[in-house]
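# Geometric and topological summary
Below, each chain spelled out in residue letters.
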Amino acid sequence: MKSEDLPMPKERGCSSLRQFIFQPRGPSGHSWFRKARFAMALFSPFFMMGAVGVAKDIYLEKFGLDATSFSLLVTIGSFWHPFQDIIMGRLQDKEVLSRFFPVERWGRRAPWLLTHCIIAALGASVMYLPPAGNGAYAWYLVVWILTTWGVAGSLIAFEA
């Protein structure tokens, strides 16, 4: 959509700009601001996976881990991922977090998006801080599973 196709407010000023941004419009009935928030909700999980996805190359090249042993870790993590999605979906359907986040106030999925984006961010933040020596193998596996757990929780909550 071109910028000249957008209906601009007739009056100039902050109130007309606020109305333009926050007033529901179009077939969806959502404002531009709500649409932007919706789109930005996906930025964090995909950014975390991008940051962690590059880590395997860094661990092999910069931290000097053995490629054969490291490929075993990636295989273990890859086999864990489908089970993780099933477990995460089940936990969300049972509303496990409703004890801390009341469903009436937060809804069924918003607590999962909030808490698991934080978990994924913590995992992605410490991914590049492995201990020296062979502890880096276990560090990678644990932090990678933690980060993918957070991303899976966020994406499942978003898509549900």
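Below or above, wherever it landed, is the structure these notes cover. Bear in mind that the values here come from a model prediction, so they are computed numbers and not experimental data. Throughout, a residue's number is its position along its own chain's written sequence, starting from 1. This being a predicted model, a pLDDT of at least 70 is required before a residue's local features are given, and a value of 80 or more before pairs of side-chain atoms are given or counted; all residues contribute to the totals for chains, interfaces and linings. Each side-chain value is derived from all of the structure's non-hydrogen atoms; neither hydrogens nor water enter the calculation.

### Let's talk about a nonpolar patch on the surface
Residues forming no salt bridge and having over 30% relative accessible area are the ones grouped into patches, like charges within 9 Å of each other and nonpolar side chains (Val, Leu, Ile, Met, Phe, Trp, Tyr) within 5 Å. Exposure was quantified through the Shrake-Rupley algorithm and a 1.4 Å probe, taking into account, for residues, occlusion by the shown protein chains and nothing else. The salt bridge definition used is simple: a Lys or Arg side-chain nitrogen within 4 Å of an Asp or Glu carboxyl oxygen. On the surface, Trp 106, Leu 114, Ile 118 and Leu 122 cluster together into a nonpolar patch covering about 370 Å² of accessible area. In this text, helices come from DSSP runs of H or I with a minimum length of four residues, and strands from runs of E with a minimum of two, each type numbered from the N-terminal end. At 3 residues, helix α7 (residues 110-126) tops the list of elements feeding residues into the nonpolar patch. Structurally, Leu 122 is set in helix α7.

### Some words on the nonpolar core
Buried Ala, Val, Leu, Ile, Met, Phe, Trp, Tyr and Cys residues form a nonpolar core when they are joined through side-chain atoms within 4.5 Å. For each residue, the accessible area found with a 1.4 Å probe, counting protein chains only, is set against the maximum for its type, and the residue is called buried under 20%, exposed over 50%, and partly exposed in between. Membership of the largest hydrophobic core comes to 18 residues, with the highest contact counts inside it found for Tyr 59, Leu 65, Phe 70, Met 127 and Tyr 140. Elements supplying a minimum of two residues to this core: α3 (43-53), α4 (55-61), α5 (67-93), α7 and α8 (135-159). With 8 residues, α8 is the single largest residue contributor to this core. Contact criterion: two residues are considered in contact whenever any of their non-hydrogen atoms come within 4.5 Å of each other. Excluding its chain neighbours within four sequence positions, the residues that come into contact with Phe 70 are Lys 56, Tyr 59, Leu 60, Leu 65, Tyr 137 and Tyr 140. Listed in part, the 5 residues of the second largest apolar core include Leu 97, Phe 101, Trp 112 and Ala 157.

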